Amino acid sequence: MTVLWLVPLLVVGTYIIVVLEEWVTTGRFRPVAPVFGGISLLGRESLVPRLPDRVLFEAAPGLLLVAPVLALAVLPLAPGTIIANLATGALFLNAALAYVMVALFMAGWGANSVYGLVGGWRFLGQFVAYSMLIVMPITAVAMRAQSLATTTIVESQTSLWNVIAQPLGFILFWLAAMAVCFLPPFDLPIAPHELAGGIMGEYTGDRLAILRLARLVLILTLSASVTIFFLGGWLGPVLPPWIWTLVKTLLVAAAMLGTGRFVPRLRQEQLVAWGWQFGIPLALTNILWVGVTLLVVA
Amino acid sequence: MISGARLGIGNRVHRFVATMQARELAAFVVPGIEVARAFGLDPEAAGLRIAVSPRHADLILLVGEIPEGLAQAVAIVYAQMPRPRAIVAVGTGSNSTLPAPDVSIALNQESLVAGIAELRSLVANGSFNPDASGFDIAETRAETVYVCPMHPEIVRTEPGLCPICGMRLVPSEAANGDIHGDMSATHGREADQEAAEFANTAYTCPMHPEVVQSKPGTCPICGMTLVPRQSTTQEAGRAGHSSGPTSRDTDDNDQAGQSAPSTDHHLHSPSDRSHAHHERHDNVADRVPHDTHEQLTNHQASGDQHSMMSPDMHEMQRDPHDGAEGRHSHGGTDMHSMATMDHGAHTGMMGGFMSMVAMTKGLPRSRDGLPMEWVEAPFGPLFPGLPGGLDVAFTLDGDDVAQVRVSGAMMSRQLAQTWPGPSTTFPDRLARLDPLAPVAYRLLAFYAIEHAAGILIDPSLARQRIAALEWQRVISHLNWLAAFGAVLGDRWIAQSAAALHLRVVGSSVATGIDKFQTDLSGFIQRLGKTPLLKRRLDQVGILAEATDALGPVARANGKVVDARLEDRSYRGLDFAPVVVNSGDAHGRLQVRLGELTQSLALIQAVDVHAAQETPPIAEASGAGTATIETPRGAATLHVTLVDGRIQEVHLTAPSMRNVGFVPVVATGQEVADALVSIASLDLSPWELNR
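All of these numbers come straight from a predicted model, not from anything done at the bench. (Residues numbered from 1 in each chain as written. Chains lettered and ligands numbered in written order. Predicted model: local features only at pLDDT ≥ 70, side-chain atom pairs only at ≥ 80, totals over all residues. Heavy atoms only, no water.)

Across its full length, chain A carries 12 helices and zero strands. Starting at the N terminus and walking to the C terminus, you meet the elements of chain A as α-α-α-α-α-α-α-α-α-α-α-α. The C-alpha atoms of chain A give a radius of gyration of 19 Å, which matches the 19 Å a tight globule of 298 residues would have. In terms of its C-alpha atoms, chain A occupies a principal-axis envelope of roughly 65 × 45 × 35 Å. When the 298 residues of chain A are sorted by exposure, 59% land in the buried category. Sequence separation of 24 or more characterises 77% of the internal contacts of chain A that already satisfy a separation of 6 or more. One finds the centroid of the 14 positive side-chain charges in chain A at a distance of 5 Å from the centroid of its 11 negative side-chain charges. (Helix = DSSP H or I, 4+ residues; strand = E, 2+ residues; numbered from the N terminus. Rg over C-alpha atoms; globule rule 2.2 N^0.38 Å. Buried < 20%, exposed > 50% of the residue type's maximum accessible area, 1.4 Å probe, protein only. Contact = heavy atoms within 4.5 Å. Lys, Arg positive; Asp, Glu negative; His and termini not counted. Charge placed at Lys NZ, Arg CZ, Asp CG, Glu CD.)

So, in structure tokens, the structure goes:
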């Protein structure tokens, strides 16, 4: 039953994100545009480029959609409202997100176009840069909760949200989450004016519709992860818990979408270098800091 | 019904979808959004979204004059768009390569808005049509053939098993058209190979290159099936494909080699990779004789299979030999092996099983020493990140640019033929040269004619012209900044610059300049505070030596090169050019930002608010020369005047000079850096070829 309850919320959340995205990027607020855009995409030809790797080309959009949906399954909307309350939820989230990289590389390779291929390579590098910065802040969060279960992680923040308890981890996770969603300034694999759409460049029609939907769900998933791990999830006064989760998630999404507007796209080499030179030492510092605070408080 | 309607019966569902499609239209702008902006068009204000890929566009928006050489590329872009698709021509003449435009309108924003409204109703009523006809061009046609992954000589029209090894044949693609004829009309690499095989085929063992026979068979040493080997001349030709830093020569070669506008240049070919190597064959004849004798002998001596190389060849590659130079000449050698390794379309030279070491054995060495497949990809002439019409092709080594080929041949409009004629209309005809800076060329024509006729211009007119020229500079720099911001991926810069540009484009020096000046300086200040911007641009697109550079490119290299210094009326204003000594993309940005402020200050100083007047031009004879500093650098015009008619014209435009720096700034860079570097040069492809 919980699943049935969550599907409409997933749709609504995705819908709000796409409206938000157009609002923050072009300054136009058009709440009906996603409906028109989606339907018109479905009514267009879905071309298969010449000499594709057909399996990869066809499977990539689906995989990119499935990965964040799976990750979303372990994120609680409210106490008890969760599709799969795994004891290893945080770990499962990591595993599911790993397929984002696979899907993007498949899309880039499968389409047999140079732009897509370069986009795929770039995301491979991006993955190297961000992957540790997803894992290590989650490690610190799990340390505080003494559990990998996402519901326990939320409950551990009752006294103090993780964003205050471990601000460094929050910042690193936030940036890494943007990199997973390839949102600007991390939009290297789709860079519009560098790769003419990159990995998405050869997709049209319904396949493109799935790919775009998948990206939106990915943003929703990562925003929800930030909410669950650092912003206290459903915790909040007065309003029902599920509204708190939804509102926080959408605010995080809006902030993520808006940040990239004022910053130039990162260079590939800088992204990878900074990820390892600064990101990982800082993430280790964060783990150390959390460890020390836990010892002191206990 | 629209020209690119999708086949459909037009039932209720179709009509509903068509209504939705009419509301959401994305346009692919040709030749480029910066040209549309220069004409004062704002497609987004007209309710269009801008698509960066033809695959994601619903309509192609033709803006202004489309040079003939570009028409073929436009047709390919159109063919790549998914149906339903439409054509909107804004101030464009007839285009023989495309279907008739669905909406044809005049070149102004009001018409565009009205035209898009008209298009919406056309789309809503005609997205789906049972009578929809296809748009088919030779360049995109291909038929499928079935080949054995192991035995490339087995080519069948139907699926089945290989008669030699019994493996299942895999679908591949053969091009239509005459394989022995015009290469630009063929596409797949198979035709390429067939042509090669037809011409000169020998069979060799993949393991034992010394075994060479004229007929297929098995190797007497190991018993493997022999594979066809390409003729040595072709290999040499490929090896000799070099686009050295002196791109002027390359340009000429390209023009000579491409009698027909080559189809390999467009954005986004359906299979960019397989396609890329025709280029090499096109130009083989031009390039073999030059500098490849040594390599030629190496190849002949080795008698080696195409994807392998003799040891000394190998040695040569390892030798860095000044980075780019050494690698240049080998770029082509891998193309076939590369193509065959892709996606299981094993139709090429690789026979038998090979380890990765063997597969990469002959590949060119990158800077990091890792052998990678090099692939040539078109980044133009309709690439969204570069000025529309600039025909750039990168040979990519991974995502590094190993070689750069640039040409402006596509923009050729034979304008020089239209220039002789009455001197009174000459300024307007010359202004047609560059839609990105028409006022500058109009002024240049005035100066040259007046010099030829011996007319001295009075100070008030000179002041007016300073105002007009500086105004043009402001407009041009803002347009560049909008494009540059887009390449950088900084939407705030792109959108703000475009909005400021839209306020001033098309207007002469107006009274609202004070308010504009405030807004502009606010924008420049905020731009300077953009986080990570300096880090993004520092040390990108470095020009170590900008000898011969012109305009802001030279001034960013610390050179005081500015035609305005020679102008007496500028000297009266205590003019000193903005010079930055960094030589990279950040320096070029700084120079142009400085010039935006400076130009507005100059306009304020000359204190002219009247529109520029057309001065009378005498019925005189003589020869005259004038040089002015256009937004991109100094342009020089020589005219010969006989009884008030222009007889001879010789023009030197700054982009002709600066385009030579494209390979210098882009070679060896990552794709993004290469594109930013090229964008930072602010080239106008329109100036490249008259």
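In this section: the domain arrangement of chain B. Residues and elements named next belong to chain B. Under the domain assignment, chain B is made up of domain 1 (6-129), domain 2 (142-361) and domain 3 (410-687). Inter-centroid distance (C-alpha atoms) of domain 1 to domain 3 is 31 Å. The interface of domain 1 with domain 3 comprises 14 residues on the first partner and 15 residues on the second. For the pairing of domain 1 and domain 3, the buried interface totals around 1200 Å² over both sides, and the portion due to carbon and sulfur atoms is 66%. Of the charged contacts, one joins Glu 65 and Arg 432 as a salt bridge, the two residues approaching to 2.4 Å between their closest N and O atoms. Put simply, the parts of the chain that give the side of domain 1 that touches domain 3 at least two residues each are helix H2 (33-38) and helix H3 (68-80). The element contributing the most residues to the side of domain 1 that touches domain 3 is H2, with four residues. (Domains from an automatic or database assignment. Buried area = accessible area lost by both parts, 1.4 Å probe. Salt bridge = Lys/Arg side-chain N within 4 Å of Asp/Glu carboxyl O.)

Okay, the nonpolar core next. Membership of the largest hydrophobic core comes to 82 residues, with the highest contact counts inside it found for Val226(A) and Phe229(A). A total of 14 residues in this core trace back to one element, the largest contributor, which is helix H10 (residues 205-230) of chain A. In this view, Val226(A) contacts Phe170(A), Phe173(A), Trp174(A), Ala177(A), Leu231(A), Val252(A) and Met256(A); residues no more than four positions away in its chain are not counted. By size, the runner-up hydrophobic cluster in this structure holds 67 residues, among which are Val401(B), Ala497(B), Val504(B) and Ile603(B). (Core = buried A, V, L, I, M, F, W, Y, C linked by side-chain atoms within 4.5 Å.)

Glancing now at the side chain of Arg265(A). Relative to the helices and strands, Arg265(A) is located in the loop between helix H11 (241-259) and helix H12 (268-297). Owing to a relative accessible area of 2%, Arg265(A) belongs among the buried residues under this scheme. A polar side-chain atom of Arg265(A) sits 2.8 Å from a polar atom in the side chain of Glu194(A). Not counting residues up to four positions away in its chain, the partners in contact with Arg265(A) are Pro185(A), Asp187(A), Leu188(A), Ala191(A), Pro192(A), Glu194(A), Val487(B), Leu488(B), Gly489(B) and Arg536(B). (Polar contact = N/O pair within 3.5 Å; in protein donor to acceptor, adjacent residues only side chain to side chain.)

All names here are of chain B. Position of Asp 584 relative to the elements: it lies in the loop between helix H23 (568-571) and helix H24 (585-606). Here Asp 584 falls in the buried class, since its relative accessible area comes to 2%. In this structure the C-alpha to C-alpha distance between Asp 584 and Val 665, which are 81 residues apart in sequence, comes to 8.9 Å. Of note is the side chain of Asp 584, whose polar atom sits 2.8 Å from the side chain of Ser 582. At 2.9 Å, the side chain of Asp 584 forms a polar contact with the backbone nitrogen of Gly 587.

The subject of this paragraph is helix H3 (residues 54-73) of chain A. Here H3(A) spans 29 Å end to end across 20 residues, near enough to the 28 Å set by a 1.5 Å rise per residue. By the largest-angle criterion, Ala60(A) marks the main kink of H3(A), which is about 35°, and a proline, Pro61(A), follows within four residues. (Expected span 1.5 Å × (residues − 1). Bend = angle between axes of the 7 residues up to and from the residue.)

By definition, the strands of a sheet pair up through backbone hydrogen bonds, in either a parallel or an antiparallel sense. Residues and elements named next belong to chain B. Strand order in this open sheet of five strands is E3-E2-E4-E5-E6, and the pairing throughout is parallel. Of all the strands in the sheet, just strand E3 (49-50) and strand E6 (103-105) have a single pairing partner and so form its edges. Where strand E5 (residues 86-90) meets E6, three bridges bridge the pair, whose relative direction is parallel. For Ala 89, the partnering residue across the bridge sits in E6 and is Ser 104. Sitting on the sheet, H3 touches strand E2 (26-30), strand E4 (59-63) and E5, and the angle it makes with E4 is about 160°. Along the sheet face, helix H4 (residues 109-126) touches E4, E5 and E6 and points at about 170° away from the line of E6. (Pairing = 2+ DSSP bridges. Axes fitted to C-alpha atoms, helices over the stretch in contact; angles between N-to-C directions.)

What follows covers the interface of chain B and chain A. On the chain A side, the residues contacting the 72 residues of chain B number 53 residues. Approximately 5500 Å² of surface area, both sides summed, lies buried where chain B meets chain A, with 55% of it carried by carbon and sulfur atoms. Between chain B and chain A we count six salt bridges in total. Note that Glu670(B) is salt-bridged to Arg122(A), the shortest N-O span being 3.3 Å. On inspection of chain B and its partner chain A, the count reaches 19 residue pairs in polar contact (both at pLDDT 80 or more).

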